[in-house]
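Summary of the model geometry
These are the residues of each chain, in order.
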Amino acid sequence: MNEHGLLDLRNKLDSIDEELLKLINERMEVVHQVGVLKAKSGGAIYRPEREKEIIDRLETMNSGKLNRAAIEALFLEIFAISRNLELPENVAYLGPEGSFTHQAAEGRFGAMSSYVSIASINGIFREVDTKKAKFGVVPIENSSNGIVTDTINCLNKYNLKIIAEVVLDIHHTFASTCDKVQDIKRIYSKDIAFEQCRKFLANFGLDEVEQIPIESTTKAAKLAAKEPFSAAICPHVGAKLNNLPILFENIEDKDNNKTRFFIISDFENAQSGNDKTSILVEFPDRQGALVEFLTDFNNSGINLTKIKSHIVHGNSIFFIDFDGHKDDENVKGILEKHKDTIKVLGSYVKEINDI
Ligand SMILES: O=C(O)C(=O)C[C@]1(C(=O)O)C=C[C@@H](O)C=C1
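The rules behind each value
One numbering rule holds for all chains: residues counted from 1, following each sequence as written. Two thresholds apply to this predicted model, a pLDDT of at least 70 for residue-level local features and 80 or more for giving and counting side-chain atom pairs, whereas whole-chain, interface and lining totals are computed over all residues. Hydrogen atoms and water are omitted, and side-chain values are computed over all heavy atoms in the structure. Note: two strands are recorded as paired if DSSP finds a minimum of 2 bridges between them. Numbering goes from the N terminus for both helices and strands, where a helix is a DSSP run of H or I of at least four residues and a strand is a run of E of at least two. Convention adopted: a line fitted to C-alpha atoms gives each axis, helices being fitted over their contacting stretch, and angles between N-to-C directions are expressed from 0 to 180 degrees. Contact criterion: two residues are considered in contact whenever any of their non-hydrogen atoms come within 4.5 Å of each other. Here a residue is near a molecule or strand as soon as one of its heavy atoms is found within 4 Å of it. In the analysis that follows, any N or O atom pair within 3.5 Å is treated as a polar contact, provided that within protein one partner can donate a hydrogen and the other can accept it, and provided that, for residues neighboring in sequence, both atoms belong to side chains. The protein chains shown are the only cover counted for residues, whose accessible areas, like all others here, come from Shrake-Rupley with a 1.4 Å probe. Relative accessibility decides the category of a residue: with a 1.4 Å probe and only protein chains considered, values under 20% of the type maximum give buried, values over 50% give exposed, and everything between is partly exposed. By definition, the arc is the one covered by directions from the helix axis to the C-beta atoms. Roughly parallel covers angles under 35 degrees, roughly antiparallel covers those over 145, roughly perpendicular covers 65 to 115, and oblique covers all other angles. Helix crossings are classified by the rotation of the near helix relative to the far one: an anticlockwise turn of less than a right angle makes the crossing left-handed, while a clockwise turn makes it right-handed. Any residue outside Ala, Val, Leu, Ile, Met, Phe, Trp, Tyr, Cys, Pro, Asp, Glu, Lys and Arg is labelled polar, Gly included; the first ten of those are nonpolar and the last four are charged. A score between 0 and 100, pLDDT records how confident the predictor is in each residue. Among buried residues, those of type Ala, Val, Leu, Ile, Met, Phe, Trp, Tyr and Cys that are joined through side-chain atoms within 4.5 Å constitute a nonpolar core. Buriedness of a pocket was judged along seven lines, with at least five required to meet protein on both sides within 12 Å; pockets are open sets of points on a 1 Å grid over the protein atoms alone, cavities are sets where a 1.4 Å probe fits but cannot get out, and lining residues have an atom within 4 Å of a point. Grid points are joined across faces, edges and corners, and a volume is the space filled by probe spheres set on the points. For the purposes of this description, domain bounds are those given by an automatic or database domain assignment.

1. What about the sheet that holds strand E14 (residues 315-323)?
Within the open sheet, the four strands sit side by side as E13-E14-E12-E15. Their pairing is antiparallel. Of all strands in the sheet, those bounded by a partner on one side alone are strand E13 (304-312) and strand E15 (342-349). Strand after strand, the sheet turns through a mean of 15 degrees between neighbouring axes, direction not considered. Here E13 pairs with E14 via eight bridges, running antiparallel. Residue pairing for E14: Ile 311 is matched across the bridge by Ser 316. The sheet strands contacting helix H6 (residues 149-157) are strand E12 (275-281), E13, E14 and E15, and the helix crosses E13 at an angle near 85 degrees.

Structure representation (structure tokens):
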């Protein structure tokens with residue numbers, strides 16, 4: 001290696017880094033002023049539609065080596081630091097630490113935010129409702145296991161808003177202190193994770209081994225790390241956090257196993273031009289109510305992207321997603337017409353990764 005060449009390049013990098021630091025600090029000065037303005041006006045600190053607008057604009061004008069994912073990763077971290085500078089706010093997520101929900105939360109709120117791990121979905125809604133946390137992160141559906149009932153029930157019960165969605169590709173690992181799979185006597189995991197990895201378990205003759213379902217996959221890793229002859233189906237991060245050796249990666253049956261999460265808070269987003277809205281609908285008990293409702297959406301040119309029925313206290317309610325923002329002209333009319341049966345859960349920027 002040419003040591004002089006490397007030294008020159010490193011000197012160049014040093015002065016670019018100094019320039020970057022100066023510019024980022026300059027940006028933070030302006031962010032601080034935005035924070036002061038918002039403190040006076042009571043405006044929301046987190047503005048996902050504005051963050052999207054910035055990333056879209058930077059991507060369009062970009063001519064360098066960075067792709068969209070890299071621009072997004074860099075700027076989401078800058079935004080997270082900016083928001084903390086404007087006003088530090090707690091993020092409550094479905095724990096424990098290292099859970100997929102924790103990963104979803106960190107992906108959106110960055111490394112610098114202050115996180116609170118909560119053991120139940122209802123607990124997260126309560127935390128946000130009582131203003132102990134500004135944001136809550138909860139799973140809403142998985143591509144293999146469907147909708148998360150507790151989340152629907154809480155969206156129905158509390159008057160909080162969905163302000164963003166996050167879709168994560170879910171990969172499970174098989175981790176154990178045993179070197180040989182044949183020596184394993186019990187496996188810990190969450191019931192849905194066992195279901196998502198059936199083929200793997202059968203292929204390795206593990207379907208006859210005792211399966212112990214517990215409330216989280218990260219806790220599974222913790223238990224398996226302590227007990228000899230046991231194993232866990234858990235996230236990569238969960239195994240690492242508990243120093244549990246990973247024997248197999250990506251053991252899920254379906255190769256596009258995804259989970260969608262909602263970020264909930266106490267404010268509503270402005271339009272971004274690329275929004276999705278979620279609603280709950282309880283249809284009146286009369287013939288044709290559902291057909292009339294769907295026809296109205298169709299006539300207004302609104303694309304329904306999801307419709308799932310769900311039972312709450314013996315009544316059937318529908319969880320529906322559609323393209324558009326609740327303040328869009330064609331959406332407003334419909335929401336007004338059906339206001340007695342609809343609960344608007346929130347309008348938010350549509351993720352590219354879909355379930
Ligand atoms: O534009 C705002 O409202 C800001 O608070 C600034 C800023 C940014 O860093 O650019 C920070 C947080 C918001 O989520 C969006 C953007």
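2. So, the site of the ligand
For the ligand, the set of nearby residues contains 14 residues, the closest of which are Arg 27, Lys 38, Arg 47, Glu 51 and Glu 86. Within the side chain of Arg 27, an N or O atom sits 2.8 Å from an oxygen atom of the ligand. Separating an oxygen atom of the ligand from a backbone N or O atom of Arg 47 is a distance of 2.8 Å. Considered on its own, the ligand offers 360 Å² of accessible surface; in the complex 90% of this is hidden by protein.

3. Things to note about helix H12 (residues 329-337)
Turning to H12, its buried residues number three or more, namely Val 331, Ile 334 and Leu 335. Buried residues in H12, looked at end-on, bunch into an arc of 100 degrees, giving them a common side. Structural note: H12 exposes Glu 329 and Lys 337 on the side pointing more than 90 degrees away from its buried face. Summarising the contacts, the buried residues of H12 are in contact with helix H11 (289-299), E14 and E15.

4. Quick notes on the packing of helix H1 (residues 3-41) against helix H3 (residues 68-86)
Taken N-terminus to C-terminus, the directions of H1 and H3 make an angle of 45 degrees; their axes are 8 Å apart at the nearest point. By the criterion of interaxial angle, the relationship of H1 to H3 is oblique. For the element pair H1 and H3, the recorded crossing hand is right-handed. Seen from H1, the contacting residues are Arg 27, Met 28, Val 31, His 32, Val 34, Gly 35 and Lys 38; seen from H3, they are Ile 78, Phe 79, Ile 81, Ser 82, Leu 85 and Glu 86. Its residues assigned to classes, the contact of H1 with H3 shows seven nonpolar, three polar and three charged.

5. A word on the confidence of the model for the protein chain
Summary statistics for the protein chain give a mean pLDDT of 94 and a share of 100% for residues scoring 70 or more. At the level of chain-chain contacts, confidence expressed as ipTM amounts to 0.98, with global pTM at 0.89.

6. Side note on the nonpolar core
Counting residues in hydrophobic clusters, the biggest one holds 24 residues, and the most contacted among them are Phe 125, Leu 155, Phe 262 and Phe 319. Taken together, the elements giving at least two residues each to this core come down to strand E1 (90-94), helix H5 (121-129), strand E3 (135-142), H6, strand E11 (258-265), E14 and E15. Not counting the four nearest positions on each side in its chain, Phe 125 is found in contact with Val 138, Thr 151, Cys 154, Leu 155, Tyr 158, Leu 160 and Ile 264. Judged by nonpolar contacts, the second largest core, of 18 residues, contains Tyr 46, Phe 135, Val 166 and Phe 261.

7. Observations concerning the side chain of His 172
Residue position: His 172 is located in the loop between strand E5 (161-169) and strand E6 (173-176). Discounting chain neighbours no more than four positions away, the residues touching His 172 are Phe 100, Ala 193, Gln 196, Cys 197, Ile 233, Cys 234, Glu 249, Asn 250, Ile 251, Glu 252 and Asn 257.

8. Here we look at the layout of surface pockets
Over the atoms rolls a probe the size of a water molecule, and in doing so it shows where empty space is left. Estimates place the volume of the largest pocket at around 690 Å³. Secondary structure elements with two or more residues in the lining of the largest pocket: helix H4 (100-109), strand E2 (114-118), E3, strand E4 (146-147), H6, helix H7 (191-196), helix H9 (217-226) and E11. Looking at side-chain class alone, the lining of the largest pocket contains 13 nonpolar, 15 polar and six charged residues. When residues of the lining of the largest pocket are assigned to domains, at least three fall in each of domain 2 (90-169 + 258-349) and domain 3 (173-248).

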